[in-house]
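Close look at the chain arrangement
One-letter residues, chain by chain:
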Amino acid sequence: MQVKLITFIPLPLKTSSNMKRTATVITIVIFLFCTSCTMAQKSSWLKRLSLSLSPSKQNKSKLSADKLAKATFIVYHTNNGSVAPEWHYDCDVKVLKDNVNVTICSGYGKHVVYNANCPVTPEAYRQFLDKLLSQNIRNTAPNGRELMCGAGASVITVYVDQQLIFSGNEEVNLLVEKGSLADAFMPLLTEDMRNAVADPAALLSPR
């Protein structure tokens, strides 16, 4: 009996071509993955931009008629920044519906150098709110002045009871389209109080 041996001849594997094809597929997969991530990030950024420009977001950053109507008291604060203690002052004008108080302190230890009150009529209070509303006051992005040595402050804060519902610094992150914050508060004050607020430094006596 004769046995025949069958010889198998291996076919060439074309290894180089297969590797190129595999590399191409991997490149395409990576490209598609990166593209999808970029699109997702872009979509997320566009969503955040849309929200920042939405009326609801803008309403939160604006001193609106609704906030003013709810307000229990409104405070205007000013100071002359980081100066020598003997020349530093803090001035607060606190407006309630029937009363306004002006308190001025010297130094950083809050030594009171001026304190005065006067009544506010319903008509005067209404005109005060109307003036604030007409100024179109709203928050903006910080301008960096809060980092400046010696920079002063011109701040408004609005409260419902003890809850802060609006605040901003005219020198840093607040836009007042018409006039200044002080323009709304000054008409409520007596002449003596207006003089004190206009020039708090005149009340200081270096010790």
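As a reminder, the structure under discussion sits directly above these lines.
We now turn to the structure provided with this report.

Rules behind the numbers
- Residues numbered from 1 in each chain as written.
- Predicted model: local features only at pLDDT ≥ 70, side-chain atom pairs only at ≥ 80, totals over all residues.
- Heavy atoms only, no water.
- Buried < 20%, exposed > 50% of the residue type's maximum accessible area, 1.4 Å probe, protein only.
- Helix = DSSP H or I, 4+ residues; strand = E, 2+ residues; numbered from the N terminus.
- Pairing = 2+ DSSP bridges.
- Patch = residues over 30% accessible without salt bridge, like charges linked within 9 Å, V, L, I, M, F, W, Y side chains within 5 Å.
- Areas by Shrake-Rupley, 256 points an atom, 1.4 Å probe, with all protein chains shown as cover.
- Salt bridge = Lys/Arg side-chain N within 4 Å of Asp/Glu carboxyl O.
- Phe/Tyr/Trp six-rings, centres within 6.5 Å; stacked < 30°, edge-to-face > 60°.
- Lys NZ or Arg CZ within 6 Å of the ring centre and 35° of its normal.
- Core = buried A, V, L, I, M, F, W, Y, C linked by side-chain atoms within 4.5 Å.
- Contact = heavy atoms within 4.5 Å.

1. Some remarks on the pairing of strand β3 (residues 99-106)
- Counted residue by residue, β3 has seven buried out of eight residues, so it is predominantly covered.
- Relative to β3, strand β2 (residues 89-95) runs antiparallel, the two sharing seven bridges. Paired with Val95 across the strands is Val100, a residue of β3.
- Once β2 ends, the chain turns through three residues before running back antiparallel as β3.
- Summarising the sheet, β3 and strand β4 (residues 111-119) pair through eight bridges and their orientation is antiparallel. Considered in β4, the bridge of Asn99 is made with Pro119.

2. Here's the deal with a nonpolar patch on the surface
- There is a patch of nonpolar side chains on the surface, built from Val83, Trp87 and Tyr108 and spanning about 290 Å² of accessible area.
- Examined against the element boundaries, Tyr108 turns out to sit in the loop between β3 and β4.
- A residue is classified by how much of its surface remains accessible, and Tyr108, at 45% relative accessible area, is partly exposed.

3. A word on the pattern of salt bridges
- Applying the stated criterion to the full structure yields five salt bridges.
- For Arg126, the salt bridge is made with Asp130, and the minimal N-O distance between the two is 2.7 Å. Here the residue Arg126 and the residue Asp130 both occupy positions in helix α4 (residues 122-134), the gap between them amounting to four residues, near one helical turn.
- Residue class for Asp130 comes out partly exposed when judged on its relative accessible area of 38%.
- What emerges from the salt-bridge pattern is a single network uniting Glu123, Arg126 and Asp130.

4. What to know about the packing of aromatic side chains
- Within the structure shown, the criterion is met by four aromatic pairs.
- With 4.7 Å between their ring centres and 15° between their planes, Phe73 and Tyr159 make a pair best called stacked. Pair noted here: Phe73 is in strand β1 (residues 73-79) and Tyr159 is in strand β6 (residues 153-160), with a separation of 86 residues, a long-range link.
- Relative to Phe128, the ring of Tyr125 lies with its centre 6.0 Å away and its plane at 45°, an arrangement referred to as tilted. Residue Tyr125 and its partner Phe128 are located together in helix α4, separated by three residues, close to a single helical turn.
- Taking relative accessible area as the criterion, Phe128 reaches 2% and is therefore assigned buried.
- An aromatic cluster is defined as three or more aromatic residues linked by ring pairs; in this entry it consists of Tyr76, Tyr125, Phe128 and Phe185.
- In this structure, Lys94 packs its charged tip against the face of Phe73, placed 4.5 Å from the ring centre.

5. What about the nonpolar core?
- Counting residues in each nonpolar core, the largest one holds 34 residues, and the members touching the most others are Ile74, Val93, Phe128, Leu132, Ile156 and Phe185.
- Beyond its immediate stretch of four places on either side in the chain, Ile156 contacts Leu63, Ile74, Val75, Leu132, Phe166, Ser167, Gly168, Leu174, Leu181 and Phe185.

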